[in-house]
Amino acid sequence: MNSLSSSSGWQGGSGFTKLCKGLAVVIIGSSAVVQIIPSVIPYVALIPARTIPFAWNLITAGYIEQSIFQAVVSTIGLLFIGRVLEPIWGSKELLKFIFVVNFLTSVCVFATAIALYYITTKENYLYTPISGFQGVLIGFLVGIKQILPDQELSLLPSFKIQTKWLPSFLLLLCILLSFFIEESASYLPTFLFGAYMSWIYLRYLQRKPETSLRGDPSDEFSFSSFFPSAMRPVIDPVATLFDRMLRGRSQVTNDSSDGYTLGATSLPGSGPVEASRRRERGARALEERLAADGLVAVGEKEDDLSHKDAAENV
């Protein structure tokens, strides 16, 4: 039971990656600058009325926190979740994920603010500075959901949750808080679009180096998997329509013998057995890192994976 934990690359809780530490310095440094010199906020935060011609705000806003508390939360989330994802995805892919999710989230938040202004004619939607790393943080949780959906985390002694429900739980919490705390409502679009854009990227765009294919067509990572089972009969028909549009000619069939298909031909390396093996490799790597933090029961999961390997070998 302890062998898996001791073999982890994170000894004594240390092991934050260079990329994550570098980005943490950027977040802390930029947040310190806006605290010391508040006049720079209009030039680095996303202010919809000034995004044109200050279009670079769509990029810079994601790495600026306007309060010390937010900077601390973002830094901790980046360091601890990033060190789980980077060894599995690689530094280049993690950096690409952060950049793409941050940029697309900012674009969606900008478009939403413009739409709300025309609907309500309230100018605060145009001139309120919007910034923060929250969109990428919830995107990290979507990545954890993809890699190991059934892992159980002990967040509190009396509260356990499977990783596949972490993004949905956080979004639900943000929605509820937005009804009671006005400041929380301003962050809700960032959380919503951060989760959705990260899912879009991982579902359709992320390239798998072992197969040279893009995305994750598994049912466990479908759009409806973010919702309770009772809601899926309503969500699935609409989600399937958009799935076909986004995937184009390359689409997923319900046949258990197929993975990705192009026309009527299955693409190599995309069958259910290979997909299961890729998921288990990622699961083992993730489990080692979570076990180092004492968040998972290693022995039980190790037995489950051993049983799966034995079944596949048979």
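Residues numbered from 1 in each chain as written. Predicted model: local features only at pLDDT ≥ 70, side-chain atom pairs only at ≥ 80, totals over all residues. Heavy atoms only, no water.

Caption draft 1: A look at the UniProt feature "transmembrane region" (unreviewed entry) in the protein. Those residues carrying the UniProt feature "transmembrane region" (unreviewed entry) are residues 23–47, 67–85, 97–119, 125–144 and 165–181 in this numbering. Secondary structure content for residues 97–119 is 100% helix and 0% strand, while the C-alpha to C-alpha distance between its ends is 33 Å. (UniProt positions renumbered as here; feature names shortened; annotations may be inferred. Helix = DSSP H or I, 4+ residues; strand = E, 2+ residues; numbered from the N terminus.)

Caption draft 2: Quick peek at the pattern of salt bridges. Per the counting criterion, the structure on display carries two salt bridges. Lys 164 is the salt-bridge partner of Asp 150, the closest N and O atoms lying 3.6 Å from each other. Taken together, the residues Asp 150 in the loop between α8 (134–147) and β1 (152–156) and Lys 164 in the loop between β2 (159–162) and α9 (166–180) connect sequence positions 14 residues apart. Of the residues examined, Asp 150 reaches a relative accessible area of 44% and is grouped as partly exposed. Judged by its relative accessible area of 23%, Lys 164 falls in the partly exposed class. One salt bridge connects Asp 243 with Arg 203, and the closest N-O pair in it is separated by 3.8 Å. Here the residue Asp 243 occupies a position in helix α11 (residues 232–247), and Arg 203 occupies one in helix α10 (residues 182–205), the gap between them amounting to 40 residues. (Salt bridge = Lys/Arg side-chain N within 4 Å of Asp/Glu carboxyl O. Buried < 20%, exposed > 50% of the residue type's maximum accessible area, 1.4 Å probe, protein only.)

Caption draft 3: Region of interest: the nonpolar core. Counting 42 residues, the largest nonpolar core has Leu 78, Leu 85, Leu 94, Phe 97, Ile 98, Phe 133 and Phe 140 as its most contacted members. Sorting the residues of this core by element identifies α2 (18–36), α5 (68–89), α6 (91–120), α8, α9 and α10 as the ones contributing at least two each. When residues of this core are assigned to their parent elements, the largest contribution, nine residues, is made by α10. Leave out the neighbours within four places in its chain, and Leu 94 touches Leu 19, Cys 20, Gly 82, Leu 85, Glu 86, Trp 89 and Phe 140. (Core = buried A, V, L, I, M, F, W, Y, C linked by side-chain atoms within 4.5 Å. Contact = heavy atoms within 4.5 Å.)

Caption draft 4: Inspection of the packing of α6 against α8 at higher detail. Contact geometry for α6 and α8: axes closest at 9 Å, N-to-C directions at 130°. Relative to α8, the element α6 lies oblique. Considering how the two elements wind past one another, α6 and α8 form a crossing that is right-handed. Contacts between α6 and α8 involve Leu 94, Phe 97, Ile 98, Val 101 and Asn 102 on the former and, on the latter, Gly 135, Val 136, Gly 139 and Phe 140. (Axes fitted to C-alpha atoms, helices over the stretch in contact; angles between N-to-C directions. Parallel < 35°, antiparallel > 145°, perpendicular 65-115°, else oblique. Left-handed = near helix turned anticlockwise from the far one by under 90°.)

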